[in-house]
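Spelled out, the chains give:
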Amino acid sequence: MKRQQMRGLAMALMLTTALPVAVAHAQAAHSVAAKPWLNPKLSPDQRADLIVAQMTQDEKLTLVFGYFGSNQEKPKFTPAPEARMGSAGYIPGIPRLGVPPQWETDAGVGVATQRESSDPYLERTSLPAGIATAATWNPEVAFKGGAMIGSEARSSGFNVQLAGGVNLARDPRNGRNFEYGGEDPLLAGTMVGAQIRGIQSNNIISTIKHWALNGQETNRMTVSSNISDSAARMSDFLAFEFAIEKSNPGSVMCAYNRINSTYACESQWLLNDVLKKDWGYKGYVMSDWGATHSTAKAANAGLDQESAYTFDKEPFFGAPLKEAVAKGAVPQARLDDMVRRITRSMFVHGLFDHPVVKGPIDFAAHGKITQADAEEGIVLLKNEHGLLPLAGQARKIAVIGSHADVGVLSGGGSSQVFPIGGAAVKGLGPKGFPGPIVYHPSSPLKALQARAKGATYVYNDGTDPAAAAKLAAESDLVIVFGHQWAAESADYSLTLADNQDALIDAVASANPKTVVVLETGGAVLMPWANKAGAIVEAWFPGTNGGEALARVLTGEVDASGRLPVTFPASADQLPRPTIDGDASQPEAFFDTNYDIEGAAVGYKWFDKKGLTPLFPFGHGLSYASFAYSGLKTSVVKDQLTVSFVVRNTGKVAGKDTPQVYVGPKGGKGWEAPRRLAGFKKVALAPGAATTVSVAVDPRLLSTFDSKAKTWNRTAGAYEVSLGASSRDVKAKADVTLAAQKLPVSYKGQ
Ligand code: BGC
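Residues numbered from 1 in each chain as written. Predicted model: local features only at pLDDT ≥ 70, side-chain atom pairs only at ≥ 80, totals over all residues. Heavy atoms only, no water.

Asks: An account of the overall build of the chain is requested, with residue identities and associated values reported.
Replies: Looking only at helices and strands, one finds 19 helices and 32 strands in the chain. In terms of overall dimensions, the chain has a C-alpha envelope of 75 × 65 × 50 Å along the principal axes. Buried residues in the chain amount to 63% of all 749 residues. Across the chain, contacts joining residues at least 24 apart in sequence account for 76% of those joining residues at least 6 apart. A total accessible area of about 25900 Å² is found for the chain, and carbon and sulfur atoms account for 55% of it. Of the charged side chains in the chain, 74 are positive and 70 negative; the average position of the first set lies 5 Å away from that of the second. (Helix = DSSP H or I, 4+ residues; strand = E, 2+ residues; numbered from the N terminus. Buried < 20%, exposed > 50% of the residue type's maximum accessible area, 1.4 Å probe, protein only. Contact = heavy atoms within 4.5 Å. Areas by Shrake-Rupley, 256 points an atom, 1.4 Å probe, with all protein chains shown as cover. Lys, Arg positive; Asp, Glu negative; His and termini not counted. Charge placed at Lys NZ, Arg CZ, Asp CG, Glu CD.)

Asks: Break down the sheet that holds strand E12 (residues 379-383) for me, with residues and values.
Replies: One open sheet accounts for 6 strands, arranged E12-E19-E18-E17-E13-E16; its pairing is mixed. The open sheet has two edge strands with one neighbour each: E12 and strand E16 (456-460). For this sheet, the mean angle separating the axes of adjacent strands, direction not counted, is 15°. Direction of pairing for strand E13 (residues 396-400) relative to E16: parallel, over a ladder of 5 bridges. Within E16, the residue paired with Ala398 across the bridge is Val458. Strands in contact with helix H17 (residues 500-510) are E13, strand E17 (477-484) and strand E18 (514-520); relative to E17, the strand with the most contacts, it is inclined by about 170°. (Pairing = 2+ DSSP bridges. Axes fitted to C-alpha atoms, helices over the stretch in contact; angles between N-to-C directions.)

Asks: Help me get a handle on the state of the cysteines, residues and values and all.
Replies: Tallied over the full model, the rule gives 1 disulfide. With its sulfur 2.1 Å from that of its partner, Cys254 forms a disulfide with Cys265. Given an S-S torsion of about 110°, the disulfide between Cys254 and Cys265 has right-handed geometry. You can see Cys254 sitting in strand E7 (residues 251-254) and its partner Cys265 sitting in the loop between strand E9 (262-263) and helix H10 (269-278), a full 11 residues away along the chain. Like Cys265, Cys254 is buried. (Disulfide = S-S within 2.5 Å.)

Asks: With reference to specific residues and values, describe helix H9 (residues 236-247).
Replies: Taking 1.5 Å per residue as the helical rise, H9 with its 12 residues ought to reach 16 Å, and the 17 Å between its terminal C-alpha atoms agrees with that figure. Counting buried residues along H9, 10 of its 12 residues qualify, which places the element largely inside the surrounding structure. Looking at the buried side of H9, the elements it contacts are helix H7 (185-200), strand E5 (205-211), helix H8 (229-233), E7, H10 and strand E29 (710-713). (Expected span 1.5 Å × (residues − 1).)

Asks: Could you give an account of the confidence of the model for the chain, with specific residues and numbers?
Replies: Per-residue confidence for the chain gives a mean pLDDT of 94, with 95% of residues at or over 70. Note that residues 1-24 has pLDDT below 50 and, in this model, 20 contacts with residues that lie over four places away or in other chains. (pLDDT = per-residue confidence, 0-100.)

Asks: Lay out the pairing of strand E1 (residues 65-69) in plain terms, naming residues and giving numbers.
Replies: Where burial is concerned, most of E1 is hidden: 4 out of the 5 residues are buried. Pairing analysis gives 2 bridges linking E1 to strand E11 (residues 306-309), with the strands arranged parallel. Its bridge partner lying in E11, Tyr67 is registered against Tyr309. In terms of strand pairing, E1 meets strand E2 (residues 87-91) through 3 bridges, oriented antiparallel. Along E2, the bridge assignment pairs Gly69 with Ser87.

Asks: Run through the site of the ligand, naming residues and quoting values.
Replies: Inspection of the region around the ligand gives 14 residues, with Asp106, Arg176, His210, Asp288 and Glu488 positioned closest. Within the complex, 97% of the 310 Å² of free accessible area of the ligand lies under protein. Residues that form the shell around the ligand fall into these classes: 5 nonpolar, 3 polar and 6 charged. (Near = heavy atom within 4 Å. Nonpolar A, V, L, I, M, F, W, Y, C, P; charged D, E, K, R; others polar.)

Asks: Just give me the short version of helix H3 (residues 44-54), but keep the residues and values in it.
Replies: What H3 keeps buried is the set Arg47, Ala48, Ile51 and Val52. For H3, the angular spread of buried residues about the axis comes to 125°, placing them on one side. Structurally, H3 contributes buried residues whose contacts are with helix H4 (57-63) and helix H13 (332-348). (Arc of directions from axis to C-beta.)

Asks: Lay out the packing of helix H6 (residues 139-155) against H7 with the relevant residues and their values.
Replies: Two numbers describe how H6 lies on H7: the axes approach to 6 Å, and their chain directions differ by 35°. For the element pair H6 and H7, the recorded crossing hand is right-handed. Note on element contacts: H7 touches H6 through Thr190, Met191, Ala194, Gln195, Arg197, Gly198 and Ile199, opposite Pro139, Ala142, Phe143, Gly146, Ala147, Ile149 and Gly150. For the contact of H6 with H7, the per-class residue count stands at 8 nonpolar, 5 polar and 1 charged. (Left-handed = near helix turned anticlockwise from the far one by under 90°.)

Asks: Now, about the pairing of strand E31 (residues 729-737): what can you tell me, with residues and values included?
Replies: As defined by bridge partners, strand E30 (residues 716-723) adjoins E31 across 8 bridges and the pair is classed as antiparallel. The residue bridging Gly723 from the neighbouring strand is Val729, located in E31. Remark: 5 residues form the turn of the hairpin made by E30 and E31, two consecutive strands paired antiparallel.

Asks: Before we move on, could you go through the pattern of salt bridges and cite the residues and values that matter?
Replies: By the definition in use, this model includes 48 salt bridges. A salt bridge links Asp45 to Arg340, with the nearest nitrogen and oxygen atoms 3.2 Å apart. Here Arg340 lies in helix H13 and Asp45 lies in helix H3, a separation of 295 residues in the sequence. Residue Asp45 is classed as partly exposed on the basis of its relative accessible area, which comes to 28%. Where Arg220 meets Glu488, a salt bridge forms, and the shortest distance between an N and an O atom there is 2.9 Å. With a gap of 268 residues between them, Arg220 in the loop between E5 and strand E6 (224-226) and Glu488 in the loop between E17 and H17 connect regions that are remote in the sequence. Judged on exposure class, the residue Arg220 and its partner Glu488 are both buried. (Salt bridge = Lys/Arg side-chain N within 4 Å of Asp/Glu carboxyl O.)

Asks: Explain the nonpolar core to me, and be specific about the residues and the numbers.
Replies: Core analysis: the largest hydrophobic core is formed by 77 residues, its most contacted members being Ile51, Val64, Trp211, Phe237, Trp289, Phe317 and Leu321. Of the residues forming this core, the biggest block, 6 residues, is contributed by H13. With residues up to four places along the chain from it excluded, the contact list for Ile51 reads Trp37, Leu97, Val99, Thr343, Phe347 and Phe352. (Core = buried A, V, L, I, M, F, W, Y, C linked by side-chain atoms within 4.5 Å.)

Asks: Go over the packing of H7 against H9 with me, naming the residues and quoting the values.
Replies: Relative to each other, H7 and H9 sit at 35°, their axes nearing to 7 Å. Crossing geometry of H7 relative to H9 is assigned as right-handed. The segment H7 lies against H9, with Pro185, Leu186, Ala188, Gly189, Thr190, Gly193, Ile196, Arg197 and Gln200 engaging Leu238, Ala239, Phe242, Ala243, Lys246 and Ser247. Taken together, the residues of the contact of H7 with H9 break down into 8 nonpolar, 5 polar and 2 charged.

Asks: Describe unusual backbone geometry, with residues and values.
Replies: Residue Lys74 is joined to Pro75 through a cis peptide bond whose omega torsion reads -15°. The topology assignment puts Pro75 in the loop between E1 and E2. Phi at Asn203 takes a positive value of approximately 60°, unusual for a residue other than glycine. With respect to the helices and strands, Asn203 occurs in the loop between H7 and E5. The backbone of His385 shows a phi angle near 55°, a positive value even though the residue is not glycine. One can find His385 in the loop between E12 and E13.

Asks: Give a description of the environment of Asp373 that names residues and reports values.
Replies: With respect to the helices and strands, the residue Asp373 is situated in helix H14 (residues 363-377). With relative accessibility at 1%, the residue Asp373 sits in the buried group. Between the C-alpha atom of Asp373 and that of Leu621, which follows or precedes it by 248 residues, the distance is 17 Å. Not counting chain neighbours up to four residues away, the residues in contact with Asp373 comprise Leu127, Pro128, Thr133, Thr136 and Val141.

In structure tokens:
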């Protein structure tokens, strides 16, 4: 038996010891006569009403106050024995009423372990980074990945997964862009929404986070993201709105930062007005870990649950909330609403009816799911002289740098999933949070060697650029790896760390047949781009990343990822050439002015300003080629639908993502000339064709009027562009639309 299988077995045996807790809850579910809220035939609303009516004040208070799930030194804290040690959080249940505890785990790529944990880390399957999943432009892939990590959460004893990161990549240097869905509201909302649906298909709750405008990590606990209501609703909020409509997440996590000078977790505008009133959200709002700053202010603004005591300065929703309710500073009805929302989500998502049971995990099957995600997310940015897929003619291939002999990089911080079998490289990165730097043990070199077809692979670690260049010159082909670790709590530079640009430049100068493979959490600058024959963005590709990469490089599968973010040519092109704030003063208060770009995030800003990026949003090459024809628009009952034919004109099977952009004819009146209005990933055999039809959400044809609280479409001519990227437009059509006003409560189909 292999080491990996033995670990799986040992884990399965270990996990079964916790069965009694689940059984106790299941037994409680039998006494429906005494506890009518346990009757699954009643609606979640009825069940929540019934259970809240039975609760004592202290029981209510129990549900709105969470604890950290790991040991902590400062302040000294040990979670209750019933918590899942090493986890993000725990909220005790109410056994008398059959309310199960809420066991919370991070995050969006799989079941994470908090690094503070003194217990052995859970070793689990990691999806590729969120940005990589977004780069698949394939919601089915996102759903399957979500379903897989949700099942691992469930099998590990968790019923709340702190996933669903959908903050727009407003700044390419944001250290958490790797956790999110890119820079466009439609793409991010669709992809993250699909992943949340997948997670929740396991009868557990997923969050969506971080609500809202948590656009940088520098001074993240204090920085104020300043923006107008309408610009926010047409950008960052819209990504949340789309994702919430598609997935109905049980909980929304409010963010660390302030917005227009008010903390997100005590913003009336954000929580009560936009989320709960305008959108009619019925779930509960939990705070990020350390994001609660008050009792009455936060509770009355719409915060329903304080997370992770000891992270906040005080236990605001503990004894202080009890007192605030007693004194009337927080109405009793508000506390009841908080508890009702929490229990309602627990009913909606099956936490009462399907108690979590720890159990074995099929890591081999899950490896295939993460691999499929990684394969579709890898983006072929440049490919000259047919360098890729790796052809049989290269006899000697050099592989250089970034520990490509042993593994693939992952993103750091609370979302860190620890690899099955342990990290491939030990002792890297910060000892404290957000370290360590973790390489998943999936070696690109070994995966390539397994497909060598007569070629010899030689590895060089890249620490000596001259030696690497010498090897490159002596080789038929070179694959040089560049990486940029990104992690929660810090932003990163667009310039590759540790002088890697010099290494890549030296190697590409020595041999023009150089393929550069990047493992980064988002955009980076590429001063050597003209010298490289091919460039591949592999992001942080997850548990089976090496295998996925080898399959794309060798053409076993098509390269089919498309960029979910713009890669700028320089930081000067950005709305803020330098990030606001000062990382050396983490407690200091700063403002960042998001009204500079407003809703013109990412490619919209580049289009508006007429800037040429290094690689545009939506860009990505395939080994096949595709032609688009027959672009048509139709407007039925005010609904714009765009259709066209895609044909594979290449010699191999491939996948393409045709993209539909819309804008007012003449380009004026919106935040930017055009917006992504639809897309569809298609798989086509050589010569095959398919008709694609895309219904455009009316909000993407409107601007938001904050005074009237309506989505307004102006009567007139609109231009529909069909492209292979935001800058590679293949066909255009004009369409005339009538004026339209939709209420703020409008929900898509
Ligand atoms: C992060 C959240 C995470 C939480 C729990 C915070 O530092 O911002 O995304 O879910 O920790 O670990």
